[in-house]
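Now for the letters of each chain:
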Amino acid sequence: MRARPASFAQRVLLALALALALAAPAAASLPRAANVPGGVARVALGALVSDAERPRAWLGEHEVLVAADGDEWVALVGLALDTPVAMHELRVVDASGLQRSVRFPVVAKRYPEQRITLKDTGKVQLSASDLARVEAEMKTIQVLKRHWRSVSDTDTDFALPAEGRLTGRFGVRRYFNGEARSPHAGFDIAVPTGSPVKANARGTVLATGEFFFNGKTVFIDHGNGLLSMYCHLERLDVSPGDPVNKRQVIGRSGMTGRATGPHLHWSVILNGAMVDPWLFVSTDRRTP
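Residues numbered from 1 in each chain as written. Predicted model: local features only at pLDDT ≥ 70, side-chain atom pairs only at ≥ 80, totals over all residues. Heavy atoms only, no water.

(A) Summary view of the sheet that holds strand E3 (residues 62-69). Taken in spatial order, the six strands line up as E1-E4-E3-E2-E5-E6 in an open sheet, and their pairing is antiparallel. Taken across any chain shown, the strands that pair with only one partner, and hence form the sheet edges, are strand E1 (40-47) and strand E6 (99-105). With strand direction ignored, the average angle separating the axes of adjacent strands in the sheet is 35 degrees. Across five bridges, E3 lies against strand E4 (residues 72-78) in antiparallel orientation. Opposite Ala67, over in E4, you have Val74 as the bridge partner. (Pairing = 2+ DSSP bridges. Helix = DSSP H or I, 4+ residues; strand = E, 2+ residues; numbered from the N terminus. Axes fitted to C-alpha atoms, helices over the stretch in contact; angles between N-to-C directions.)

Next up, the structure:
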């Protein structure tokens, strides 16, 4: 039995629907949700209303990134590795100035262990002068992590910053020469010394420096509390204040600082919290 041809009215409606679909802006690729310590919570804040300003939200004292997700606003909340497993609360201020609270859960996740042997014991048992240097550098890094720059659009669809074997997963509980140390707050990519290291998204270079543990490092500000950090570099090719594009070379890989071999340590910071960079890499972008 032959199908009846579409009527004129049906053809008009179909054409109109197709035109609207083609005209609609593509949805931004947001990080995958993971309501665990070290993850990113995606918290719905309400419908996206045309011409209305986006709401603002805070977790404690830290403002969080708010982005459009289809037809609603969502808060992208970075959860530090020491975030308690419990219900948490966002303070939200709508475009009208109305304040409210939105609750969301954080559930437990058990990360694996890694045992590392370093020949240079001076990177494990620190001298008094090295300890003083590390403490000063940690204060500097804490200030950088809390940096906030308001922008209208934040690129959260990250490209991998280097081409190599993926090692050193985020969150691994590490033991150096048998002694417990902080969990691994980044992602390691094994690459030969001198390999190009690229910005994972557009932004502005916030800071560069050479640190005791991290070696030569670049911090990139992507706006609205989203930062990326690239460590153990052999060479820095950018300076603070430089604008950078996604996949722009910002330096060359190495093994400066505390490293057992040449590699890139890549970290992502969201509202002051170190979070899993892998959540920001979509499946079709898992090659540089």
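So that's the structure; there's more coming.
(B) Quick look at the environment of Phe212. With respect to the helices, strands and loops of the structure, Phe212 is situated in the loop between strand E13 (203-211) and strand E14 (215-223). Residue Phe212 is classed as buried on the basis of its relative accessible area, which comes to 5%. Placed 44 residues apart in sequence, Phe212 and Thr256 show a C-alpha to C-alpha distance of 8.6 Å. (Buried < 20%, exposed > 50% of the residue type's maximum accessible area, 1.4 Å probe, protein only.)

(C) A look at the packing of aromatic side chains. Scanning all chains against the criterion turns up five aromatic pairs. Look at Tyr111 and Phe170: their rings are 6.2 Å apart centre to centre, the planes differ by 75 degrees, and that puts the pair in the edge-to-face class. Here Tyr111, found in the loop between E6 and strand E7 (113-116), pairs with Phe170, found in the loop between strand E8 (165-167) and strand E9 (173-176); they are 59 residues apart in sequence, far enough to count as distant. Phe170 shares its class with Tyr111; the two are buried. When the ring of Phe187 is compared with that of Trp278, the centres are 5.3 Å apart and the planes differ by 10 degrees; the resulting orientation is stacked. With a gap of 91 residues between them, Phe187 in strand E11 (residues 187-190) and Trp278 in the segment after strand E19 (273-275) connect regions that are remote in the sequence. Take Phe187: its relative accessible area is 1%, and that puts it in the buried class. Using a relative accessible area of 14% as the deciding quantity, one classes Trp278 as buried. The ring of Trp58 has Arg91 lying over it, and the distance from NZ or CZ to the ring centre is 4.4 Å. One Lys or Arg, Arg169, reaches over the ring of Trp278 and ends 5.4 Å from the middle of that ring. (Phe/Tyr/Trp six-rings, centres within 6.5 Å; stacked < 30°, edge-to-face > 60°. Lys NZ or Arg CZ within 6 Å of the ring centre and 35° of its normal.)

(D) The nonpolar core, seen in detail. Ranked by size, the top nonpolar core spans 38 residues in total, and within it Tyr230, Ile250, Trp266 and Phe280 carry the most contacts. Listed by contribution, the elements that provide at least two residues to this core are E3, E4, E11, E14, strand E15 (226-236), strand E18 (264-270) and E19. Looking at this core, the element that brings in the most residues is E18, giving four residues. Apart from the residues within four sequence positions on either side, Trp266 is in contact with Phe158, Ala159, Leu160, Pro161, Gly186, Phe187, Asn200, Ser228, Met229, Tyr230, Pro277 and Val281. Trp73, Ala75, Val92 and Phe104 belong to the second largest nonpolar core, which has 15 residues in total. (Core = buried A, V, L, I, M, F, W, Y, C linked by side-chain atoms within 4.5 Å. Contact = heavy atoms within 4.5 Å.)

(E) Spatial organisation of the pattern of salt bridges. Counted according to the given criterion, the structure contains nine salt bridges. The salt bridge involving Arg100 is made with Asp94; its shortest N-O contact spans 3.0 Å. Relative accessible area serves as the criterion here: at 27%, Arg100 is assigned to the partly exposed category. Glu137 is the partner of Arg133 in a salt bridge, and the nearest nitrogen-oxygen pair spans 2.7 Å. With Arg133 and Glu137 both in helix H2 (residues 128-145) and four residues apart, the pair spans about one turn of that helix. In this structure Arg133 comes out as partly exposed when scored by relative accessible area, which is 35%. Residue class for Glu137 comes out buried when judged on its relative accessible area of 12%. One network of salt bridges, with partners in common, ties together Asp153, Asp155, Arg202 and Lys246. (Salt bridge = Lys/Arg side-chain N within 4 Å of Asp/Glu carboxyl O.)

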